[in-house]
Structure formats: structure tokens, C-alpha cells
Amino acid sequence: MVEIRQIQADESLLLKEVRLAALEDSPDAFATKLEQALERPDEYWKTRTRNGAGGQKEFCVLAIDDQETVGMAIGFPDKEDPLIIFLISMWVAPSHRGSQVAASLLNKIFEWAAGRGAASILAGVMPANSRALAFYTKLGFTQVSDPNSDHPAVTECELVLEKKLEDKK
């Protein structure tokens, strides 16, 4: 059974490992490239992990199956408008695609965002990633032409999708 849980503050190596696996598996799905991630110092991963575990600056959730990390998702609030949450680093291992892992990860992000009083979640998607686009659409995301943000989480992707949390089903 796959466990969906928030990352712990001391799991920076785990975060780095799963992020590198995601970038290696799906290099065209993310704005960050594998080479960039490999060059990041240990302190970067420690800070991201502490932030993701703390839940204030960001929220990182993992999917773990028999001690193997098979998915992740990170949400963080827009600095200009904390009612907007960005979804980044969403990834599920090929072995678990088509299962409930992706939806379970996003449900944790939705719960965290709603608990903060957020109004919507923005996700950037590359047009070639038709599987992700179909998945997000199934969960109630719609394409927006003006995301009202200049954050790289959305500006570095060609398609920006939004889910209004009050529309959550």
C-alpha cells in the first residue's frame, strides 16, 4: 500500500533523490533541468526540505511504496497573493502512473491549500505532456491565458492551469 505523507525536516537526501529521479525520467516536463539540480548545494536541499516539512513557506508531500519514493508534489503560496498556490515538482514514477498516487498527492496539496484559505492553485504544464494535461483537467483544472503572476512556476511553462478551490468536488 502506498503511503502519502508530508516530508520530514531531516529528509533532504530523500527530496534530492526523488527530484533527480523525476528530472531524469521526465526531462521535458519541468522547467528545471537535471544538470541544474545536480549543481545545487546540499544547503539548497536542506532548506527546501525544512520549508516543505514546515508547511508555511511550502508544503512537500511524498508517495512511498515499500520504502521506495514513487511520487512527490510541492505547493507554495505566491509571495504577492497568498490566496494563490503554485503546484510544482509534481511527479509519479512510471511504475505507479495510472494508479491513485497522483490524485492522492494532489488531494494533500488541496487540503493544505484550503487550510491556508487559498482560493486557487496554479500549475504549469508543457504542451507535450498530454497525460498530465488530461489528468489535471479531470481534477477540475482549466487553462488560463493570464495567470496574474510572474513567478517562474508558471511563466516557464507554456500552459498554465488553474483549479479554483471553491469548485473542489
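This one's a predicted model, so the numbers in the text were calculated from it and none came from an experiment.

Thresholds, definitions, all that
- Residues numbered from 1 in each chain as written.
- Predicted model: local features only at pLDDT ≥ 70, side-chain atom pairs only at ≥ 80, totals over all residues.
- Heavy atoms only, no water.
- Helix = DSSP H or I, 4+ residues; strand = E, 2+ residues; numbered from the N terminus.
- Rg over C-alpha atoms; globule rule 2.2 N^0.38 Å.
- Buried < 20%, exposed > 50% of the residue type's maximum accessible area, 1.4 Å probe, protein only.
- Contact = heavy atoms within 4.5 Å.
- Pairing = 2+ DSSP bridges.
- Axes fitted to C-alpha atoms, helices over the stretch in contact; angles between N-to-C directions.
- Phe/Tyr/Trp six-rings, centres within 6.5 Å; stacked < 30°, edge-to-face > 60°.
- Lys NZ or Arg CZ within 6 Å of the ring centre and 35° of its normal.
- pLDDT = per-residue confidence, 0-100.
- Expected span 1.5 Å × (residues − 1).
- Salt bridge = Lys/Arg side-chain N within 4 Å of Asp/Glu carboxyl O.

Asks: How would you summarise the overall build of the protein chain if you had to cite specific residues and measurements?
Replies: Counting its secondary structure elements, the protein chain contains six helices and seven strands. Going residue by residue from the N terminus, the α and β elements of the protein chain occur as β-α-α-α-β-β-β-α-β-α-β-α-β. Taken over the C-alpha trace, the protein chain has a radius of gyration of 15 Å; the compact-globule value for 169 residues is 15 Å, and the two agree within 12%. Taken over the C-alpha atoms alone, the protein chain extends approximately 35 × 30 × 30 Å along its principal axes. Counting across all 169 residues of the protein chain, residues that qualify as buried make up 48%. For the protein chain, the share of sequence-separated contacts (at least 6 apart) that also reach a separation of at least 24 residues comes to 63%.

Asks: Requested: an account of the sheet that holds strand 4 (residues 84-92), with residues and values cited.
Replies: Overall, mixed pairing links the seven strands, which are arranged 1-2-3-4-5-7-6 in an open sheet. Each having just a single partner strand, strand 1 (2-6) and strand 6 (142-144) make up the two edges of the open sheet. In this sheet, adjacent strand axes meet at a mean angle of 30 degrees when their direction is disregarded. Along the sheet, helix 4 (residues 101-115) makes contact with strand 1, strand 2 (59-65), strand 3 (68-77), strand 4, strand 5 (120-125) and strand 7 (159-164), crossing strand 4 at roughly 160 degrees. Strands in contact with helix 5 (residues 130-138) are strand 4, strand 5 and strand 7; relative to strand 5, the strand with the most contacts, it is inclined by about 165 degrees.

Asks: Lay out the packing of aromatic side chains in plain terms, naming residues and giving numbers.
Replies: Considering all chains together, one arrives at six aromatic pairs under this definition. Aromatic pair Phe59 and Trp112: ring centres 5.4 Å apart, planes at 10 degrees, arrangement stacked. Linking Phe59 in strand 2 with Trp112 in helix 4, this pair joins segments that are 53 residues apart in sequence. In this pair, the class of Phe59 matches that of Trp112, namely buried. One aromatic cluster is present, built from ring pairs that chain together Phe110, Phe135, Tyr136 and Phe141. One cation-aromatic arrangement involves Arg19 over Phe30; the distance from NZ or CZ to the ring centre is 4.7 Å. The lysine or arginine in question, Lys163, covers the ring of Phe110, its NZ or CZ lying 5.4 Å from the ring centre.

Asks: Kindly report on the confidence of the model for the protein chain, identifying the contributing residues and their values.
Replies: Confidence in the prediction of the protein chain, expressed as mean pLDDT, is 90, and 92% of residues score 70 or more. By mean pLDDT, helix 6 (residues 152-155) is the weakest element of the protein chain at 60, and strand 2 is the strongest at 98.

Asks: Tell me about the environment of Lys46, residues and numbers included.
Replies: Examined against the element boundaries, Lys46 turns out to sit in helix 3 (residues 42-54). A relative accessible area of 38% places Lys46 in the partly exposed class. For the pair Lys46 and Leu139, spaced 93 residues apart in sequence, the C-alpha to C-alpha distance is 31 Å.

Asks: Residue-level account of helix 4, with values.
Replies: For helix 4, spanning 15 residues, the distance from its first C-alpha to its last is 21 Å, which sits close to the expected 21 Å at 1.5 Å a residue. Of the residues making up helix 4, those classed as buried are Val101, Ala102, Ala103, Leu105, Leu106, Ile109, Phe110, Trp112 and Ala113.

Asks: Account for the pattern of salt bridges, with residues named and values stated.
Replies: Oppositely charged side chains may form a pair once their charged atoms are brought near each other. This model, assessed by the stated rule, comprises six salt bridges. Between Glu11 and Arg5 there is a salt bridge, with the nearest N and O atoms lying 2.7 Å from each other. Taking the relative accessible area as the measure of exposure, Glu11 reaches 15% and is therefore buried. Owing to a relative accessible area of 19%, Arg5 belongs among the buried residues under this scheme. A salt bridge links Asp25 to Arg97; its shortest N-O distance comes to 2.3 Å. You can see Asp25 sitting in helix 1 (residues 12-25) and its partner Arg97 sitting in the loop between strand 4 and helix 4, a full 72 residues away along the chain. Bridged by salt links that share partners, the residues Glu3, Arg5 and Glu11 form one connected network.

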